[in-house]
Amino acid sequence: MASSTRSLPSAATSSPATDANTAASVWRSSWRPRPSNAEPHTNGALRRAGLRPSGPVSVYHGQSDIHPRPFKSAVDSVRGTSGPVHTGQFVHFRVTHRCSRPITPDGPAPSANIEVFILRATPGLTARAVDRLLRRLRKLPAPRNEYAVERGLRTPTRDGFVLVSDHYSPVVSGSDSATILIRTPYGRGLPVDAIWARTFAARGYHVILQSVRGTVDSTGTFEPMVREAEDAQDTIVWLREQPWFNGKLATLGMSYLAFTQWALLADPPPELRASVMIAGPHDFSRVIWDNGSFALEAMLGWSAVNSVSFEDGPSLFRQLVWNKQSTDRLDASFAGLPLARAAESVLDKRAPWFQEWLDHTDLTDPYWRPYNFTGAVQHVRTPTLLVGGWQDVFVGQTVEQYEALRSRGVDVALTLGPWTHAGHVTKGSGVIDNEALDWLDMHLGNDGPARRAQPVHTFVTGSDTWHTSPLWPPTCTETVWYPNNAGQLTATVPSGGESAFSYDPGDPTPSVGGRRLTGDAGVRNNSDLEARQDVRTFTTQPLTADLEFEGFPVVDVSLSLDNPHADLFVRICDVDVKGRSHNIADVLVRLDPTADAGEVQHVTARLSPCAHRLLKGHRLRLQLSGGAHPQYARNLGTGEPLSTGTGLNAAVHTIHHDNTRLTLPVTSTGTTRPS
């Protein structure tokens, strides 16, 4: 077979890899797998992946036409290779990917599914340059060691499928390193590998970066959230069999990657020493149906992206920052009726779960059990670092997790920054990754000082300062404001009065900024929104001193409706000296559809958590409307099922001032603290 070898990576002459000179090597880029009919690559593909081959390398993908036995023997002879790892040399080979060319001495042989994969290599010049750049940008401590990467490790599941992982290992003589498990549906390339896998491997940790079921090499069907608990447990069983696993385990990840941690924590393994949960829910059912309203924009947008195969879909960076093309495609679906049919114009039957979400409106339905790991939050004892952003879609559950863990005396820390969901990566990584490294070092015994003097770190918007404290929320004084007929917000209880606005689902009140997954999420100028006829605002006089509040603002609203099938959207804003109104916190409430027309309803709603300082001369504004579309699916006003409804009925909201109030958890007044 040696004479028919197409092209091989060159290895050190002392390495057993030279025994594999009968094998054609296959490299799959860590950024994105290539289609099965790809043409052979040369050294450029490896260099773009951050690896430096020391000789010409051809890369093949697709169906093999070779006989398996002699070929497999050659690969097996180097599978157990050990010894020093040198930059630019490939040390291990493994049967993990289909070859696309016949490799036998006499030409084609019987068809066989033969897979070959370069398994272990140290980073090349590109990867090292990226690592150095990210270290400087995030102000991370210096690396403690070199690291190597083993790609394509296979974990069997209890029902016969395979989960594929990459193993980032510290290259340290005689090391006894703990392991960090990261499970993701978004691929094992950028940004997860650079931000977390390589960062922590270079600081003394084994990192397993695993594709969840049905995504990027892992077999089976991707069913969002449904299989994560069982597959996580099967991964732990596999970990225990690895010779480098020392019995110390941590988990880490953001968003869905945090949810996979809560799925594991439903039955935490004894090896688990610490967790780092970044902007992630423990109960996805309450994300999908938020206070009775369907999170249309987030769930349809996410399903559209993640129902496409990884080879054909956008990168995680594009998902995080969104893009105009995706937005334009979705806008028509957001506006269409019935919603299920409109959604299919984007999903094209690729995301059967979306229809299921629309149909299961009752969150007590057994359907939602695999989505809900509240039990883990209520019982786990694992030391946990929780990170969230004031403008993140999951911040409410992040705070819930903290409150539940702290109430039971669990070692828990909380960091809340000014970030949107994407902002945790694009703006918050310097804070978050340093804190994560400190947390893991402290609980896994790695060298490094414990730099967290207080368990709670919160960023106060408005003054742009960080506060530290022993608990959250901090001690506060409740301060109450009331609306009046003049559109003012004052400390005086009004004697009657009312205001009215009409919500028309045919021209729904739009969502502006806020806790969303889109590129225009976060703090935005609400002035144009507030100029609409379907929005009512009540505003204080300019403040004579700074006013700082931290915790949950609460609104009590007394209102009546001519159509009980309606919602109420509540937001508070900071109006600056130029009249620009910037959102701080908000909430949407599904009103009682069984109430009679004209019946007065009393609604108490807790807005999203926040920490904000209103500066002297600024004004506080209470904003009321009937919705925020497409962040939340519009209330059709008919009582029809959201999935199939086509009718549209408007609703007039009448706000009764004498029983309506806004309560803020005020923590201080006076002079703004310096940054």
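Residues numbered from 1 in each chain as written. Predicted model: local features only at pLDDT ≥ 70, side-chain atom pairs only at ≥ 80, totals over all residues. Heavy atoms only, no water.

## So, the pairing of strand E15 (residues 477–483)
Then comes step 1: The pairing of E15 with strand E16 (residues 489–490) spans two bridges and is classified as antiparallel. Its bridge partner lying in E16, Tyr482 is registered against Thr490. (Pairing = 2+ DSSP bridges. Helix = DSSP H or I, 4+ residues; strand = E, 2+ residues; numbered from the N terminus.)

## Regarding the packing of aromatic side chains
Then comes step 1: Scanning the model with the defined rule gives 23 aromatic pairs in all.
Then comes step 2: Between Phe222 and Trp302 the ring centres are 6.2 Å apart and the planes differ by 50 degrees, which places this aromatic pair in the tilted class. Taken together, the residues Phe222 in the loop between strand E6 (206–211) and helix H5 (228–240) and Trp302 in helix H8 (residues 296–306) connect sequence positions 80 residues apart.
Then comes step 3: A relative accessible area of 11% places Phe222 in the buried class.
Then comes step 4: Accessibility expressed as a relative area gives 15% for Trp302, which makes it buried.
Then comes step 5: With 5.9 Å between their ring centres and 80 degrees between their planes, Phe284 and Phe394 make a pair best called edge-to-face. Here the residue Phe284 occupies a position in the loop between strand E8 (272–278) and helix H7 (285–288), and Phe394 occupies one in the loop between strand E11 (384–391) and helix H14 (395–407), the gap between them amounting to 110 residues. (Phe/Tyr/Trp six-rings, centres within 6.5 Å; stacked < 30°, edge-to-face > 60°. Buried < 20%, exposed > 50% of the residue type's maximum accessible area, 1.4 Å probe, protein only.)

## A short note on the pattern of salt bridges
Then comes step 1: All chains considered together, the criterion is met by 28 salt bridges.
Then comes step 2: Residue Arg128 is joined to Glu146 by a salt bridge in which the shortest nitrogen-to-oxygen separation is 3.1 Å. Here the residue Arg128 occupies a position in helix H3 (residues 125–138), and Glu146 occupies one in strand E3 (residues 146–156), the gap between them amounting to 18 residues.
Then comes step 3: Several salt bridges share partner residues, and in doing so they unite Arg151, Asp166, Arg188 and Asp217 into one network. (Salt bridge = Lys/Arg side-chain N within 4 Å of Asp/Glu carboxyl O.)

## Considerations on the sheet that holds strand E18 (residues 535–539)
Then comes step 1: Overall, antiparallel pairing links the four strands, which are arranged E18-E25-E21-E22 in an open sheet. The sheet is open, and its two edges are formed by E18 and strand E22 (581–590), each paired on a single side. Across the sheet, the mean angle from the axis of one strand to that of its neighbour is 20 degrees, orientation sign disregarded.
Then comes step 2: Strand direction decides the pairing type here: E18 and strand E25 (residues 619–625), joined by five bridges, are antiparallel. (Axes fitted to C-alpha atoms, helices over the stretch in contact; angles between N-to-C directions.)

## Thoughts on helix H6 (residues 256–265)
Then comes step 1: Burial runs high along H6: ten of the ten residues are buried.
Then comes step 2: Within H6, burial applies to Tyr256, Leu257, Ala258, Phe259, Thr260, Gln261, Trp262, Ala263, Leu264 and Leu265.

## Describing the side chain of Ser429
Then comes step 1: With respect to the element layout, Ser429 can be found in helix H16 (residues 429–444).
Then comes step 2: Judged by relative accessible area, Ser429 falls into the buried class, the value being 8%.
Then comes step 3: If we ignore the near neighbours within four places in the chain, the residues touching Ser429 are Arg138, Ile195, His424 and Asn434. (Contact = heavy atoms within 4.5 Å.)

## A word on the packing of helix H4 (residues 192–201) against H16
Then comes step 1: As a packed pair, H4 and H16 sit with axes 12 Å apart at the nearest point and diverge in direction by 40 degrees. With respect to H16, the element H4 is oriented oblique. Seen along the crossing, H4 lies across H16 with a hand that is right-handed. In this structure, H4 contributes Ile195, Trp196 and Phe200 to the contact, and H16 contributes Ser429, Asp433, Ala436, Leu437 and Leu440.
Then comes step 2: Its residues assigned to classes, the contact of H4 with H16 comprises six nonpolar, one polar and one charged. (Parallel < 35°, antiparallel > 145°, perpendicular 65-115°, else oblique. Left-handed = near helix turned anticlockwise from the far one by under 90°. Nonpolar A, V, L, I, M, F, W, Y, C, P; charged D, E, K, R; others polar.)

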